[in-house]
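# Breakdown of the fold
Spelled out, the chains give:
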Amino acid sequence: MQDGVPLVIPEINPGALGGMRAGGGGIVANPNCSTIIALMAVTPLHRAAGVTRMVVSTYQAASGAGQAAMDELALQTREVLDGASEADVTKNVFDRQYAFNLFSHNSPMTANGYNEEEMKLVKETAKIWGTDGVKITATCVRVPVMRAHAESINLEFERPLSEEAALAALAAFPGVSIINDRAANRFPTPLDASNKDDVFVGRVRADLSRGGDGKGLDLFVCGDQIKKGAALNAVQIAELLV
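Heads up: these notes are all about the structure in this document. (Residues numbered from 1 in each chain as written. Predicted model: local features only at pLDDT ≥ 70, side-chain atom pairs only at ≥ 80, totals over all residues. Heavy atoms only, no water.)

Moving on, we come to the packing of aromatic side chains. Under the definition given, this model contains four aromatic pairs. An angle of 65 degrees between the planes, with centres 5.4 Å apart, marks the rings of F94 and F103 as edge-to-face. A residue is classified by how much of its surface remains accessible, and F94, at 5% relative accessible area, is buried. Ring pairs connect the aromatic residues F94, Y98 and F103, which therefore count as one cluster. Positioned over the ring face of F103 is R96, at 4.9 Å from the centre of the ring. Taking NZ or CZ as reference, R203 lies 5.3 Å from the ring centre of F187, over its face. (Phe/Tyr/Trp six-rings, centres within 6.5 Å; stacked < 30°, edge-to-face > 60°. Buried < 20%, exposed > 50% of the residue type's maximum accessible area, 1.4 Å probe, protein only. Lys NZ or Arg CZ within 6 Å of the ring centre and 35° of its normal.)

The following block contains the structure:
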């Protein structure tokens, strides 16, 4: 968040690299994984209708806490299935049972009651979009999934945006794939996104609570935290610079 250090998602704000492309040099920051995954889905809709408020609930995989957390989830799963109690399972990474459980994201809590992961979504979105005019709130949760984060996102817009127009904007955006088969109840899952470069979007639907004004949508997003949420995004930044 330091001034003068660009925070970049190449599909969204490559211009933030500025003079670095001309050999100026400097430090470039990679955004948080939850922010990258959310904004890959929300930015095309923001450009189409102007997001005024965003409510995000994340379901974050073990991969976000590294290989040790992934290994511990696998170990705990075996231990629980073999009959271990919550008190007896191995707890080297988290201070509680992760297998068959979920809990508030393990980042430090802040004075306002939000944890640091939630505040990253708020602050980084404003920096990447270059505006403080969008109201954002987030709840981040660890879930016992090995790899790829999921996010439920509710959006309010300045202008009406239909489901059809939203899907068209998403389909045209680089790095986004759509899984939105209502008839088959088939929408993005972490397994769909695991080991994939794209962010997957589905469950695109009008927000019924708005009374039919067309200015609200709900969507569900999945993205591989290790790929687009981290390493791939950094590689794409490097490719812009060389």
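Every disulfide links exactly two cysteines, by a covalent bond between their sulfur atoms. Counted by the stated rule, this structure contains zero disulfides. Free cysteine: C140, not disulfide-bonded; nearest cysteine sulfur from C33 at 8.8 Å. Of all cysteine sulfurs in the structure, the one in C33 sits closest to C222, which takes part in no disulfide; the separation is 13 Å. (Disulfide = S-S within 2.5 Å.)

Looking now at the nonpolar core. Looking at soluble globular proteins, one finds that nonpolar side chains tend to be buried together. With 36 residues, the main nonpolar core has M54, I153, L155 and L219 as its most contacted residues. For this core, the elements supplying multiple residues, two or more each, are α1 (33-49), β1 (51-60), α3 (116-129), β3 (135-142), β4 (149-157), α4 (163-171), β6 (199-206) and β7 (216-223). Aside from chain neighbours lying at most four places away, what touches I153 is A38, V42, M54, V55, V56, L217, D218, L219 and V221. Within the second largest apolar cluster, eight residues are counted, among which are A62, L73, F94 and A99. (Core = buried A, V, L, I, M, F, W, Y, C linked by side-chain atoms within 4.5 Å. Helix = DSSP H or I, 4+ residues; strand = E, 2+ residues; numbered from the N terminus. Contact = heavy atoms within 4.5 Å.)

Considering bend angle alone, the principal kink of helix α6 (residues 227-241) is centred on N233 and spans about 40 degrees. Considering only its buried residues, α6 is in contact with α1 and β6. (Bend = angle between axes of the 7 residues up to and from the residue.)

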